[in-house]
Amino acid sequence: MTEMTDGVLHTLFRTEQGGHEQVVLCQDRATGLKAVIAVHSTALGPALGGTRFHAYASDEEAVRDALNLSRGMSYKNALAGLDHGGGKAVIIGDPDTLKSEELLLAYGRFVDSLGGRYVTACDVGTYVADMDVVARATRWATGRSPENGGAGDSSVLTSFGVFQGMRASAQHLWGDPTLRGRKVAVAGVGKVGKHLVEHLLEDGAEVVITDVRQESVQAILDKHATGKYAGRVTAVAGTDALIRVEGLDIYAPCALGGALNDESVPVLTAKVVCGAANNQLAHPGVEKDLADRGILYAPDYVVNAGGVIQVADELHGFDFDRCKAKAAKIFDTTLAIFARAKADGIPPAAAADRIAEQRMSDARATRAV
């Protein structure tokens, strides 16, 4: 435990990845709840970010994930134009065996204890029905069902935003914002990925998919075994095979983070990376490796912001058309980042960071006056 604490303190106080305002360790022995709530920044407003429920290999890994994800949310919310800072929570354990109504209520009480500094929503391992339960213990829960005053499934607009990022990438690289005739690989066809596949098919793309859950893959293959998209969806056994598919135009990581690393980037056949997963770059420097190989990277926290746009709107009375219009602007934001990257001679990830950091800095300066 000492090693974990020392590592966390080092990250928080002594590295560029730190700077978090608050990290809360939550435990409820009666329900088995162990959770981490990380508030990275409230410069732009209350921290907003989802709750991930995952069986981490260690408690240290869970804490680090919360720190990384919450920092990413600060940047995501800033570039999405939201008046929210960044936060994230992780619940440690296998949701298939540990999740219960009592545990979610206990978690909701911890969220409520922060008094609105952190607003939660769905993420990997949590769903709309879960947020309905959490909301019984706190008013600071979004992503609830329409029957309970919420916006419903945020993955709908997350996938739409990623699709807009792909269109912008196509415009920048090939001069045309369409995916017609392009071959797109989607790694992870769960909540977001399955909707993204539909957008791609509707736009005329050929899609190759994979997922650790074979039933998710099979559901999509069965859906399009016949009909107007028959023959346009195929599957491979895993991500290692997917990134090596010949003639790949776009690779879309839509599962967990770290998909772009020292092993995957050298063998990646795609010309563009644009996906829904958070924290796709395994470590600093990967963005340069992509650029050196001539691979265009659409920063993950820019293109996957559709979901957070949706849940943020829920706090003010949800309107789907209004949210979709905001998510459509991800196309313009992505193009602006590519233009800034070219002008400054830096990778797109660095350009996106600069724009987001400037907005947060301006907000802090205004607040200090």
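Note that the structure is predicted; figures quoted are calculated from it, not measured.

K.L.:
Describe the pairing of strand S7 (residues 183-187), naming the residues involved and giving the relevant values.
P.N.:
Among the five residues in S7, five count as buried, and that is most of the element. Residues Lys-183, Ala-185 and Ala-187 of S7 are buried on one face, and the alternating residues Val-184 and Val-186, pointing to the opposite face, are buried as well. As judged from the five bridges shared by S7 and strand S8 (residues 206-210), these two strands associate in the parallel manner. Bridge pairing links Ala-185 to Val-208 in S8. A crossover connection joins S7 to the parallel S8 through helix H7 (residues 193-202); in handedness this β-α-β unit is right-handed.

K.L.:
How would you sum up the packing of aromatic side chains? Please name residues and give values.
P.N.:
One pair of aromatic rings is described through two measures. These are the centre distance and the angle between the planes. Under the criterion given, the structure shown has two aromatic pairs. Centroid distance Tyr-75 to Tyr-301: 5.7 Å. Interplanar angle 65°. Geometry classified as edge-to-face. With Tyr-75 in helix H2 (residues 59-79) and Tyr-301 in helix H11 (residues 300-303), this residue pair connects regions lying 226 residues apart in the sequence. Overall, the relative accessible area of 7% leaves Tyr-75 in the buried class. Here Tyr-301 falls in the buried class, since its relative accessible area comes to 9%. Centre to centre, the rings of Phe-318 and Phe-320 are 6.4 Å apart; their planes meet at 70°, and the pair counts as edge-to-face. Its relative accessible area of 34% is what places Phe-320 among the partly exposed residues. The ring of Trp-174 carries Arg-182 above its face, with NZ or CZ at 3.8 Å from the centroid. One residue, Lys-324, lies across the ring of Phe-160, its end atom 5.1 Å from the ring centre.

K.L.:
Give me the lowdown on the pattern of salt bridges, citing residues and values where you can.
P.N.:
Inspection of every chain in the model, using the stated rule, returns 20 salt bridges. Between Glu-21 and Arg-117 there is a salt bridge, with its nearest N and O atoms 3.1 Å apart. Of this pair, Glu-21 sits in the loop between helix H1 (2-14) and strand S1 (22-28) while Arg-117 sits in the loop between helix H4 (101-113) and strand S6 (118-119); the two residues are 96 residues apart in sequence, bridging distant segments of the chain. A salt bridge links Asp-65 to Arg-52; the nearest nitrogen and oxygen atoms lie 3.5 Å apart.

Thresholds applied
Residues numbered from 1 in each chain as written. Predicted model: local features only at pLDDT ≥ 70, side-chain atom pairs only at ≥ 80, totals over all residues. Heavy atoms only, no water. Buried < 20%, exposed > 50% of the residue type's maximum accessible area, 1.4 Å probe, protein only. Helix = DSSP H or I, 4+ residues; strand = E, 2+ residues; numbered from the N terminus. Pairing = 2+ DSSP bridges. Right-handed = clockwise from strand over helix to strand, strands pointing away. Phe/Tyr/Trp six-rings, centres within 6.5 Å; stacked < 30°, edge-to-face > 60°. Lys NZ or Arg CZ within 6 Å of the ring centre and 35° of its normal. Salt bridge = Lys/Arg side-chain N within 4 Å of Asp/Glu carboxyl O.

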